[in-house]
Amino acid sequence: MHHAIQLDHTAPLSSGPLAWREVETPEPGPGQLRIAVAACGVCRSNLHMIEGDWAAGGLPAISPIVPGHEVTGTVDAIGPEVTGFALGDRVGVQPLWRTCEVCEYCTSGREQLCLERLITGEMVDGGYAEYMISTAAHTYHVPDELDLVTAAPLFCPGITAYGAIAKLDLGPGSRLAVFGLGGVGHMAVQFARIAGAEVTAVARSAHHLEVARELGAAHTVDATAADPGEALAGTMDAAVVFAPSDTVAQQALASVKRGGTVVTGVIASFGTITFAEGKTIAESILGSRAQMNEVLALAARGDVRTVVDLFPMADAQDVLGRLAGRELRSRAVLHN
Ligand SMILES: [Zn+2]
Ligand SMILES: [Zn+2]
């Protein structure tokens, strides 16, 4: 037996739908690992699932479910037919828990688009727990240079930001605006800076703008003081949007010049699109396994870092409440 945070029914967080309770410790099946969880990042999408925002889309897919999809830990048990892992290996799991391995997406390095994909903590039990089962083919070795607890957000904000930046052809001198500076935006600033881009960070939080400057943003726009769409109008080569707001999406589109590209990692309406300026809007979800390993290598070299606040695993409900209330200053990470 072990402890896990379980959600029985979707409900407003204020009604206390999560319970820290003893559950059966599962055995890993063929191709699977059991991970002793060290840490799991707290993602806004966890909140959406818990409160039922995605119930119409069939999520969570099982009940009860253990949320959490940016997980690190050590290999605690190894199922049949697994190669490449030993007991005690330091590992991580991202939201992509399993893919089919045979479809056009899986065989072309775009497995995050697989129609059979299973999402950690939404369709199978995730990382708000002392132990979880992973698919070995979607489990990553965490480099020795990285601390397991601070590495956890690399597995959602990290790969999400990297996948979005990889959709852009950034080089030295490119001008990129990053709209929204939560966990993902802070990572995007760093990946864009590595590509040589001149980054303008846009947000409503003075603290988030300050962190963005520390992480390499050359310019910042305080969205509470000026309309960033007007302040930056037509000056950016590209923009990325990680704030789930129609207003912000439209400001991002206005900020890019003719022929520019906006990449979005959130659900938002861009309004009426005019063809005359030749702009491109691209959706981005997560990233491939190859890209995840590139993120880990960059972090191991010290080229990117996460900004985290740590909390005990049992406090998940309280931490999600603080996230909902915008009381968190950086990425919350739950640890055992
Ligand atoms: Zn996430
Ligand atoms: Zn597939």
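Here, residues in each chain are numbered from 1, in the same order as that chain's written sequence. Labels are handed out in written order, letters beginning with A for the chains and numbers beginning with 1 for the ligands. Reporting in this predicted model follows two pLDDT cut-offs: at least 70 for local features of residues, and 80 or more for side-chain atom pairs to be given and counted; totals over whole chains, interfaces and linings ignore these cut-offs and use all residues. Water and hydrogen atoms play no part in the side-chain values, which are based on all heavy atoms of the structure.

Participant: Looking at this model, I keep getting lost on the overall build of the protein. Mind explaining?
Facilitator: Numbering goes from the N terminus for both helices and strands, where a helix is a DSSP run of H or I of at least four residues and a strand is a run of E of at least two. In terms of helices and strands, the protein carries nine helices and 17 strands. A principal-axis box enclosing the C-alpha atoms of the protein has dimensions of 60 × 45 × 35 Å. Relative accessibility thresholds used throughout: buried, under 20% of the residue-type maximum; exposed, over 50%; partly exposed, between the two (1.4 Å probe, protein chains only). The proportion of buried residues among the 336 residues of the protein is 54%. Every residue pair with non-hydrogen atoms within 4.5 Å of one another is taken to be in contact. Sequence-distant contacts, at least 24 apart, represent 64% of the contacts inside the protein between residues at least 6 apart. With an accessible surface of roughly 14,100 Å², the protein has 50% of that area assigned to carbon and sulfur atoms. Only the protein chains shown count as cover for residues, and all accessible areas are computed by the Shrake-Rupley method using a 1.4 Å probe.

Participant: Would you mind showing me how to read the coordination of the zinc ion (ligand 2) here?
Facilitator: Octahedral metals with six donors have ideal donor angles of 90 or 180 degrees. Tetrahedral metals with four donors have an ideal donor angle of 109.5 degrees. Keep in mind that water is not among the atoms, so a site may look incomplete; donors are the N, O and S atoms within 2.8 Å of the metal, or 3.2 Å for Na, K and Ca. At the metal site, the zinc ion (ligand 2) is ligated by Cys 100 (SG), Cys 103 (SG), Cys 106 (SG) and Cys 114 (SG), and these contacts range over 2.3 to 2.4 Å. Taken together, the four donor atoms coordinating the zinc ion (ligand 2) and their angles of 105 to 117 degrees define a geometry best described as tetrahedral. In the primary sequence, the donor residues of the zinc ion (ligand 2) line up as C-x2-C-x2-C-x7-C. Here Cys 100 matches Cys 106 in class, with each residue buried. Square planar and octahedral sites, with four and six donors, are those where opposite donors lie more than 155 degrees apart and all other angles lie between 65 and 115, tetrahedral sites have four donors with every angle between 85 and 135 degrees, and the rest are irregular.

Participant: Honestly, the coordination of the zinc ion (ligand 1) in this entry has me stumped. Any pointers?
Facilitator: For the zinc ion (ligand 1), every protein donor is listed as Cys 43 (SG), His 69 (NE2) and Cys 156 (SG), and the spread of their distances is 2.0 to 2.2 Å. Taken in chain order, the donor set of the zinc ion (ligand 1) reads C-x25-H-x86-C. Here Cys 156 lies in the loop between helix H2 (148-151) and helix H3 (157-166) and His 69 lies in the loop between helix H1 (44-50) and strand S4 (71-78), a separation of 87 residues in the sequence. Taking the relative accessible area as the measure of exposure, His 69 reaches 3% and is therefore buried.

Participant: Before we go on, may I ask you to explain the domain arrangement of the protein in this structure?
Facilitator: One widely used convention gives an interface's size as the accessible area the parts lose upon coming together. Domain start and stop positions are those given by an automatic or database domain assignment. Once the domains are mapped, the protein shows domain 1 (2-155 + 306-335) and domain 2 (159-283). The interface is formed by eight residues belonging to domain 1 together with seven residues belonging to domain 2. Each salt bridge in this description consists of a side-chain nitrogen of Lys or Arg and a carboxyl oxygen of Asp or Glu lying within 4 Å of one another. For the interface between domain 1 and domain 2, the tally reads zero salt bridges. Any N or O atom pair separated by 3.5 Å or less is treated as a polar contact, with the protein-specific requirement of one donor-capable and one acceptor-capable atom, and with residues adjacent in sequence counted only for side-chain atom pairs. Here domain 1 and domain 2 share one residue pair in polar contact (both at pLDDT 80 or more) between them. When grouped by side-chain class, the residues that make up the side of domain 1 that touches domain 2 number four nonpolar, two polar and two charged. Each residue receives one of three labels: charged for Asp, Glu, Lys and Arg, nonpolar for Ala, Val, Leu, Ile, Met, Phe, Trp, Tyr, Cys and Pro, and polar for the others, Gly being one of them.

Participant: Where do I start with the sheet that holds strand S15 (residues 280-283) in this structure?
Facilitator: Where strands meet in a sheet, backbone hydrogen bonds hold them as pairs that are either parallel or antiparallel. Strands qualify as paired when DSSP identifies two bridges or more between them. Pairing in this open sheet of six strands is parallel, and the strands run S12-S11-S10-S13-S14-S15 from one edge to the other. Either end of the sheet is taken by a strand with one partner, and the two such strands are strand S12 (219-222) and S15. Pairs of neighbouring strands in the sheet enclose a mean axial angle of 20 degrees, with direction left out of account. Two elements, strand S13 (residues 236-241) and strand S14 (residues 256-264), share five bridges in a ladder whose sense is parallel. The residue of S14 that forms the bridge with Ala 238 is Thr 261. Fitting a line to C-alpha atoms yields each axis, with helices limited to the stretch in contact; the angle taken between N-to-C directions then spans 0 to 180 degrees.

Participant: Quick question: what am I supposed to make of the pairing of strand S16 (residues 308-312) here?
Facilitator: Successive residues of a regular strand alternate their side chains across the two faces of the sheet. As judged from the five bridges shared by S16 and strand S17 (residues 331-335), these two strands associate in the parallel manner. Paired with Leu 310 across the two strands is Val 333, which belongs to S17. When the strands point away from the viewer and the connection leading from the first strand across the helix to the second strand turns clockwise, the crossover is called right-handed. With helix H9 (residues 316-324) bridging S16 and its parallel neighbour S17, the resulting β-α-β unit is right-handed.

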